[in-house]
Amino acid sequence: MSWQTPLLDIDPLLDDRGTRIIVCCGSGGVGKTTTAAALGLRAAERGRTAVVLTIDPARRLAQSMGLTELDNTPRRVEGIDESAGGQLHAMMLDMKRTFDEIVVQHADPERAQAILENPFYQSLSAGFAGTQEYMAMEKLGQLRARDEWDLIIVDTPPSRSALDFLDAPKRLGSFLDGKFIKLLMAPAKAGGRAGMMFLNVGLSMMTGALNKVVGAHLLRDVQTFVAAMDTMFGGFRKRADATYRLLQAPGTAFLVVAAPERDALREASYFVERLAAEDMPLAGLVLNRVHTSGAARLTAERALAAAEALEDLAAEWPDAVDPASNSLMNAEVDDPVDEAADCPAVENLPGGRIVDRDTGKAEAKALSDPGELPAESLAASLLRLHAERMQVVVREGRTRDRFASVHPDVPVAEVAALPGDVHDLEGLRAVGERLANGQPTAA
Amino acid sequence: MSAQHSAAPSVSASPTPTRLHIVTGKGGTGKTTVAAALALALADEGKRTLLVEVEGRGGIAQLFESEALPYEERKIAVAPGGGDVHALAIDPELALLDYLDMFYKLGRAGRALKKLGAIDFATTIAPGLRDVLLTGKACEAVRRKGASGGRAYDAVVMDAPPTGRITRFLNVNDEVAGLARFGPIHNQAQAVMRVLKSAETAVHLVTLLEEMPVQETVDGVAELRAAGLPVGAVVVNMLRPAVLDEAAVRIATGTAERGHRTAVAKALSQAGLGGARRGGHAERLVEPLLEQAREHAERVALERRERAEIEGLDLPTYELELQGDGIEVGGLYRLANSLREQGIAGVQREGGR
């Protein structure tokens, strides 16, 4: 399987002090969080002072890092090899708390109190669709501003449309500049209904309509909220814009994470194109859970054919107890093992029968373990298992090649599949190894 | 295995048929596929189902190999036995205008709102309004009457947001009813909540036999139950074929330790895969093959643990096999068939009589 895409070399990326932010994006269920955590761990053990920011509501990072307490501030992860001078911190985004912090920080106490108590605000900050993305970017900006870490690794929210977090700053900006906000603020600013006089007929019809739809008191809540937030809006937009520019800066590297499946790679394609359109620096694609085989030269077709041949053979000699058949079988073995070390006194024959060399007499007897299978059946099972594996390997290869032909310039690191899930540092370390390896070595 | 399986097909015992099926699951578990297969499975015997997409990813159109869905209900597939599957991709912005038009006759004013950015506001930043519209539209389809006076759809299947967000998504109307304490929005929100919490609704959770998806399913079920939302079934998706049964796996892995490699090498050689002597092709296959068997054994053990975990939820459980080359239309029908064979339409049918 020839595949000429450039290799994504993870270690130089992690070691480069110029790399300040790594953003892991990708569709849900492809191992983004695990990748982010594994990168953080590897970077820390290679001497970086790294912090991993995860936004996932399921406490998965906590699980995979063996942490039980993960709040809105970065916590130092224990059990890291810090001999290279690095450290690892991890945190999980708490949307409401992040939002509250911004309010407290940017409004005077009285106004902050009004905002925090506003029912509209309370619902908004608890994290309806969209808030998560805004707050993730806000937190990223905060972490960067604190400058306590020389590498920030961000795991992105499992957004409905994958790059919502990129749109967040812009959308916030265009919303804040919108007439609607001004309309909402107008009456509150002018001290209630009197303000309406200054609005033209069209606008008053609008507020009338809004009142009808949402109910006057809700509109009032919204207006109070918007008015209270007014002073903060400028700062909001400024920071959102700054974060957006930060993402475009040379110190940032985007990693698109995917699994070698059609849907995940289609999403990955979309990410790659979107990032290019936004001038965001893409470092490469991390392809998780790639299956390999140590016997990749044996194709699924051949393995299946061989399995069938063996099963036929086993069927022809249904656990024969007839000594005569043994000698026949012995004669049919065309490639006898010639090294005594492999078969000291007893030689296993196909079918689980054993020849006792000392007596030279072929004796058919069941192996002592009742669960023992005849070697043909066992080999046939192994071959069938292999055939299944090879089908997966070939399918994944096809999917991956399709991506590679559309995006030939995107460097790729493949991470060999692990049989189980990762939920400890040891597992993360292993993933980091595989990431750095870039090419999955056969299991 | 499943409560719905064991439900005797007696008319007297028939519970209220589920008419709104909400399909959630961790990302990557294939909930869109399962939702589509479910809509097909429920559309048998001349029934009409509506498949609703709320996340705007176009997954349904891709599954049925049709062009992107517009914001309108259109027939997307015919089920075996003559039923119809319709599909709708809800666009929150259009849904809002639709909604305003329907309830408040705000034709021109609605467009003016759009110009002002109010629609942007409503669908991107206003708390939950987007989710209100999505759930509201689905509930409207559930309650809608057809031309003949019967229900417009026998069942509505929603490809819903992932498990991590599902409870909040469905509960948004409670929240909104609290914000808008009276008035049309309040009433609408409450009406939607009544449908969602009724016996007509079931939230199904799609999972894989892997740790994290199962953990999320268990957490999701607890959250849904705590919120008083009706939990339906667990669908175990992408089940890998059982190439080796557990006994064979045990033996295969045990074999390595017992040093029977020689016999295996010989058998492989017999099957024409090269020489069995040390360094021969067949001999060199033994170790990688046994390694794969060990990995398989590990996976089988893990799947058994996860299955036990799912059984602990005490919910009807359905299993769908992995469709090798990704899902195409044929695979979708196979999955639908499998769901039907496992009796997922059972309650539906009993109720329909």
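See above for the structure.
Presented here is a report on the structure given in the accompanying data block. This one's a predicted model, so the numbers in the text were calculated from it and none came from an experiment. (Residues numbered from 1 in each chain as written. Chains lettered and ligands numbered in written order. Predicted model: local features only at pLDDT ≥ 70, side-chain atom pairs only at ≥ 80, totals over all residues. Heavy atoms only, no water.)

**Some details on the overall build of chain B**
Within chain B, the secondary structure is distributed over 15 helices and eight strands. Looking at the 353 residues of chain B, the share that counts as buried comes to 59%. For chain B, restricting intrachain contacts to residue pairs at least 6 apart in sequence, the fraction spanning at least 24 positions comes to 72%. Total accessible area computed for chain B in this model is approximately 13600 Å², and 51% of it derives from carbon and sulfur atoms. (Helix = DSSP H or I, 4+ residues; strand = E, 2+ residues; numbered from the N terminus. Buried < 20%, exposed > 50% of the residue type's maximum accessible area, 1.4 Å probe, protein only. Contact = heavy atoms within 4.5 Å. Areas by Shrake-Rupley, 256 points an atom, 1.4 Å probe, with all protein chains shown as cover.)

**Re the side chain of N72 of chain A**
Residue and element names in this part refer to chain A. Tracing the backbone shows N72 in the loop between α3 (60-64) and β3 (75-76). Polar side-chain contacts of N72 include one of 3.0 Å to the backbone nitrogen of D94. Here the side chain of N72 touches T98 through a polar contact of 3.1 Å, side chain to side chain. Apart from residues lying up to four places away in sequence, N72 is in contact with M91, M92, L93, D94, R97, T98, E101 and K139. (Polar contact = N/O pair within 3.5 Å; in protein donor to acceptor, adjacent residues only side chain to side chain.)

**Brief notes about the pairing of strand β7 (residues 282-290) of chain A**
Residue and element names in this part refer to chain A. For β7, the tally of buried residues reaches seven of nine residues, placing the bulk of the element in the interior. In this structure, strand β6 (residues 252-258) lies alongside β7, joined through five bridges in parallel fashion. By the bridge assignment for β7, V256 is matched with L285. Crossover β6 to β7 through helix α12 (residues 262-277) is right-handed. Bridge count for β7 against strand β11 (residues 412-416) is four bridges, and the pairing is parallel. Along β11, the bridge assignment pairs L285 with V412. (Pairing = 2+ DSSP bridges. Right-handed = clockwise from strand over helix to strand, strands pointing away.)

**Considerations on unusual backbone geometry**
The phi angle at E65 of chain B is positive, at roughly 50°, despite the residue not being glycine. Inspection of the secondary structure puts E65 of chain B in the loop between α3 (59-63) and β3 (74-78).

**Notes on the sheet that holds strand β2 (residues 48-53) of chain B**
Residues and elements named next belong to chain B. On the basis of which strands lie adjacent, the open sheet formed by eight strands has the order β3-β4-β2-β5-β1-β6-β7-β8 and mixed pairing. On the outer flanks of this sheet lie β3 and β8 (317-321), each paired with one strand and no other. Direction aside, the axes of adjacent strands within the sheet are offset by 25° on average. Strand direction decides the pairing type here: β2 and strand β4 (residues 84-89), joined by six bridges, are parallel. Paired with R48 across the strands is D84, a residue of β4. Here helix α10 (residues 211-226) sits on the sheet in contact with β6 (201-207) and β7 (231-239), set at roughly 165° to β6. Sitting on the sheet, helix α13 (residues 281-311) touches β6, β7 and β8, and the angle it makes with β7 is about 165°. (Axes fitted to C-alpha atoms, helices over the stretch in contact; angles between N-to-C directions.)

**Comments concerning the pairing of β2 of chain B**
Residues and elements named next belong to chain B. In terms of residue burial, β2 counts as a mostly covered element, since five of its six residues are buried. Alignment of β2 against strand β5 (residues 155-159), held across five bridges, turns out to be parallel. Residue pairing across strands places V52 opposite M158, the latter belonging to β5.

**Examining the pattern of salt bridges**
A complete count under the given rule lists 36 salt bridges over all chains for this structure. Among the ionic pairs, R261 of chain B bridges to E287 of chain B, the shortest N-O distance being 2.4 Å. Here R261 of chain B is found in helix α12 (residues 261-270), whereas its partner E287 of chain B is found in helix α13, with 26 residues between them in sequence. According to the relative accessible area criterion, E287 of chain B is partly exposed, its value standing at 33%. Look at the salt bridges and you will find they share partners, linking D11, D15, R42, R46 and E433 of chain A into a network. (Salt bridge = Lys/Arg side-chain N within 4 Å of Asp/Glu carboxyl O.)

**Observations regarding the packing of α12 of chain A against helix α15 (residues 375-406) of chain A**
Two quantities define a packed helix pair, namely the angle between the helix axes and the distance between the axes. Residues and elements named next belong to chain A. Between α12 and α15, the least distance of the axes is 10 Å, while the angle of their chain directions is 15°. Between α12 and α15, the crossing angle belongs to the class labelled roughly parallel. Of the two elements, α12 crosses α15, and the hand of that crossing is right-handed. For the pair α12 and α15, the contacting residues are R262, L265, A268, S269 and V272 in the first and T399, R400, R402 and F403 in the second. A per-class count over the contact of α12 with α15 returns four nonpolar, two polar and three charged. (Parallel < 35°, antiparallel > 145°, perpendicular 65-115°, else oblique. Left-handed = near helix turned anticlockwise from the far one by under 90°. Nonpolar A, V, L, I, M, F, W, Y, C, P; charged D, E, K, R; others polar.)

**Observations concerning the state of the cysteines**
Residue and element names in this part refer to chain A. Inspection of the entire model under this criterion finds zero disulfides over all chains. Free cysteine: C24, not disulfide-bonded; nearest cysteine sulfur from C25 at 7.8 Å. The buried category is assigned to C24, whose relative accessible area is 0%. (Disulfide = S-S within 2.5 Å.)

**Concerning α12 of chain B**
All names here are of chain B. The element α12 is largely enclosed, with a buried count of nine among its 10 residues. When we look at burial in α12, the residues that qualify are T262, A263, V264, A265, K266, A267, L268, S269 and Q270. One or two positions beyond α12, positive phi appears at G272, with a value near 90°.

**A short note on the sheet that holds strand β4 (residues 87-92) of chain A**
All names here are of chain A. Overall, mixed pairing links the eight strands, which are arranged β3-β4-β2-β5-β1-β6-β7-β11 in an open sheet. Strands with a single pairing partner mark the edges of an open sheet, and in this sheet they are β3 and β11. In this sheet, β4 lies alongside β3 in antiparallel orientation, the contact comprising two bridges. Considered in β4, the bridge of R76 is made with H89.

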